[in-house]
Amino acid sequence: MSDTGDNDRGSEELAAFEGSDIYADDGSVRSDFLMHVGAAIADRDTIYLRKHVAGLHASELGDLLEAIQPEQRLALVSLLGKEFDLAALTEVDEAIRLDIVEHLPNEQIAEAIGEMDSDDAVYILEDLDQEDQEEILAKLPFTERVRLRRSLDYPESTAGRRMQTEFVAVPPFWTVGQTIDYMREDDDLPESFTQIFVIDPTFKLLGTVDLDRVLRTKRSVKIDAIMRDTSHSVPAEMDQEEAAQLFEQYDLLSAAVVDDNGRLVGVLTIDDVVDVIQEEAEEDLLRLSGVGDEELSDSVAEASRSRVPWLFVNSMTACISASVIGLFDATIQQIVALAILMPIVAGMGGNAGSQTMTVTVRALATRGLDIHNAPRIIRREAGVGLLNGMIFGSFIGLVAGFWFQDVHIGGIIATAMLINMMAAALAGILIPLLLDKSGADPAVSSAVFVTAVTDITGFFSFLGIATWWFHVT
């Protein structure tokens, strides 16, 4: 089909999604829209794609790219050509972004990056090879090239990488009138902003003025008379998660980013911080499950590779748990009920440990748990373990005693449940704390060790108590 489109598609079909929401009630991209887009890609119907896809918001286009088949993505980007919004690549998985960028000519990337906000441009550039980065940067104007190089020089996951280098900065001796005239006449200002930064001749940050304050002040008033000190500036080397916590704590909409000498180098905005919070939450959740940075777009081999290390560690701890069971094989052979009930003790302990561990890891990530309140939180979790152990130990003990018509079995499993629930609570908080103290990431390492503790303690306490009890009686 030619670029002029297929008349057989008809004006009614072309208008099917005009002005409508592309999302279904559950938040996914509508299947009928995907069907039409897929058909347009297959027919090379650029008229339909330019009319209904090119104008989508970057986040909507990103969702569409993730929803369509892998072989359709490159075809869609190729058919849209220069009308493809490269900002959509900041909304997709890394694997998808790299796949698309690798197939785009550097000239097209450079042209698109020149029209982006600097933070979005850096987001795309940082995934490219050094050679491609240099080639693309060389095609940009000098000022833009310097700004982007400066952001790329900062380590990954820092405020310097996340910041926008477009901002409004004025000297303190300017009047409000001069500032307003400057903002009206300068074409190189950010598209949207809420703060004006006040700097000295060396670009050292002196203070800030909210935009609404400027609009409410007479033109003759000097900026230094209405500016306020910047108490929440963000060091460029600060980890992005720490910067996000500043925004959350002080309800910031934007914050100045400064270098080691206090000079203004950029601005961090709330939209970027929201992305950081989402990324960090997803990362913590994935790491708690031992899957690292796996994404849905990863191949089978990549997904397997990310899961293997901790599964291997888990297999080792499982062998240790099995060896504990082996110590009591004679007891298990004599009392079959023990083999039936063993998984209950270990399973309940594992779940209890996971609950405590999840709360602890999240508290460490948000800095809600530190050396000052750790003893109190440990006592609280121990109390929770004791109470839950008493509740569920009594319940499972009654069930087991009635099931096997043996009060001794009920008492044994109730006692073992209490011991394991206590051990689970302590392991769930102490293991993440110790890993964090040693410099390891508790989100990655905690789960396998907490599970090992609850399995070993559960089996040993249950079978050990049973062996002792039936031996003495």
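Conventions used here
Residues numbered from 1 in each chain as written. Predicted model: local features only at pLDDT ≥ 70, side-chain atom pairs only at ≥ 80, totals over all residues. Heavy atoms only, no water. Helix = DSSP H or I, 4+ residues; strand = E, 2+ residues; numbered from the N terminus. Buried < 20%, exposed > 50% of the residue type's maximum accessible area, 1.4 Å probe, protein only. Contact = heavy atoms within 4.5 Å. Axes fitted to C-alpha atoms, helices over the stretch in contact; angles between N-to-C directions. Parallel < 35°, antiparallel > 145°, perpendicular 65-115°, else oblique. Left-handed = near helix turned anticlockwise from the far one by under 90°. Nonpolar A, V, L, I, M, F, W, Y, C, P; charged D, E, K, R; others polar. Patch = residues over 30% accessible without salt bridge, like charges linked within 9 Å, V, L, I, M, F, W, Y side chains within 5 Å. Areas by Shrake-Rupley, 256 points an atom, 1.4 Å probe, with all protein chains shown as cover. Salt bridge = Lys/Arg side-chain N within 4 Å of Asp/Glu carboxyl O. Core = buried A, V, L, I, M, F, W, Y, C linked by side-chain atoms within 4.5 Å. Pairing = 2+ DSSP bridges. pLDDT = per-residue confidence, 0-100. Phe/Tyr/Trp six-rings, centres within 6.5 Å; stacked < 30°, edge-to-face > 60°.

(A) Fine view of the overall build of the chain. Within the chain, the regular secondary structure consists of 22 helices and six strands. Split into buried and exposed, the 473 residues of the chain put 44% on the buried side. For the chain, long-range pairs separated by at least 24 residues make up 66% of all intrachain contacts whose partners lie at least 6 apart in sequence.

(B) Highlighting the packing of helix α8 (residues 118–125) against helix α10 (residues 142–153). α10 packs onto α8 with a crossing angle of 60 degrees between their chain directions and a minimal axis gap of 10 Å. One way to sum up the angle between α8 and α10 is to call them oblique. Handedness of the crossing formed by α8 with α10: right-handed. Together, S118, A121, V122 and L125 of α8 and L148, S151 and L152 of α10 make up the contact between the two elements. For the contact of α8 with α10, the per-class residue count stands at five nonpolar, two polar and no charged.

(C) Region of the structure containing a nonpolar patch on the surface. Judged by side-chain polarity, V336, I340, L387, I391, F392, F395, V399 and W403 come together as a nonpolar surface patch covering roughly 780 Å² of accessible area. For the nonpolar patch, the secondary structure elements donating two or more residues are α19 (336–365) and α20 (374–404). Here the nonpolar patch takes six residues from α20, the largest share from any one element. Counting through the fold element by element, I340 comes out in helix α19.

(D) Layout of the nonpolar core. With 45 residues, the main nonpolar core has L49, V53, L86 and I113 as its most contacted residues. Setting aside chain neighbours within four positions, we find I113 in contact with L86, A121, L125, I136, L140 and L148. Judged by nonpolar contacts, the second largest core, of 24 residues, contains I335, A352, F459 and L463.

(E) Region of the structure containing the sheet that holds strand β3 (residues 205–210). The three strands lie next to each other as β1-β2-β3, forming an open sheet whose pairing is mixed. Each having just a single partner strand, β1 (169–170) and β3 make up the two edges of the open sheet. As judged from the five bridges shared by strand β2 (residues 195–199) and β3, these two strands associate in the antiparallel manner. The partner of F197 across the bridge, within β3, is T208.

(F) Structural detail: the confidence of the model for the chain. Chain-level pLDDT for the chain is 85 on average; 89% of the residues reach the 70-or-more range. Every residue in residues 1–16 is under pLDDT 50, and counting partners more than four places away or in other chains gives 25 contacts.

(G) A look at the pairing of strand β5 (residues 254–258). Of all five residues in β5, five are buried, a share of seventy percent or more. Residues S254, A256 and V258 of β5 are buried on one face, and the alternating residues A255 and V257, pointing to the opposite face, are buried as well. As defined by bridge partners, β5 adjoins strand β6 (residues 264–269) across five bridges and the pair is classed as antiparallel. Bridged to S254 within β6 is T269. Where β5 hands over to β6, the hairpin turn is made up of five residues, of which G262 adopts a positive phi near 80 degrees.

(H) Broad picture of the sheet that holds strand β4 (residues 234–235). Ordered by their spatial adjacency, three strands build an open sheet running β4-β5-β6, and the pairing between neighbours is mixed. Each of the sheet's edge strands pairs with one partner strand only, and the pair in question is β4 and β6. Of the pairings in the sheet, the one linking β4 to β5 comprises two bridges and is parallel in character. Within β5, the position partnered with V234 by the bridge is V257. Sitting on the sheet, helix α15 (residues 240–250) is in contact with β4, β5 and β6, with an inclination near 65 degrees to β6.

(I) Broad picture of the packing of aromatic side chains. A complete count under the given rule lists four aromatic pairs for this structure. Where W403 meets F404, the ring centres are 4.8 Å apart and the plane angle is 25 degrees; that geometry is what we call stacked. By relative accessible area, which is 25% here, F404 ends up partly exposed. Judged by centre distance (6.0 Å) and plane angle (55 degrees), the ring pair of W468 and W469 falls under tilted. Given the relative accessible area of 27%, W469 is considered partly exposed.

(J) Representation of the pattern of salt bridges. According to the stated counting rule, one finds 12 salt bridges in the structure shown. Residue D127 pairs with R97 through a salt bridge whose shortest N-O separation is 2.8 Å. Here R97 lies in helix α6 (residues 94–102) and D127 lies in the loop between α8 and α9 (130–138), a separation of 30 residues in the sequence. With a closest N to O distance of 3.0 Å, R263 and D259 form a salt bridge. Owing to a relative accessible area of 36%, R263 belongs among the partly exposed residues under this scheme. Take D259: its relative accessible area is 17%, and that puts it in the buried class.

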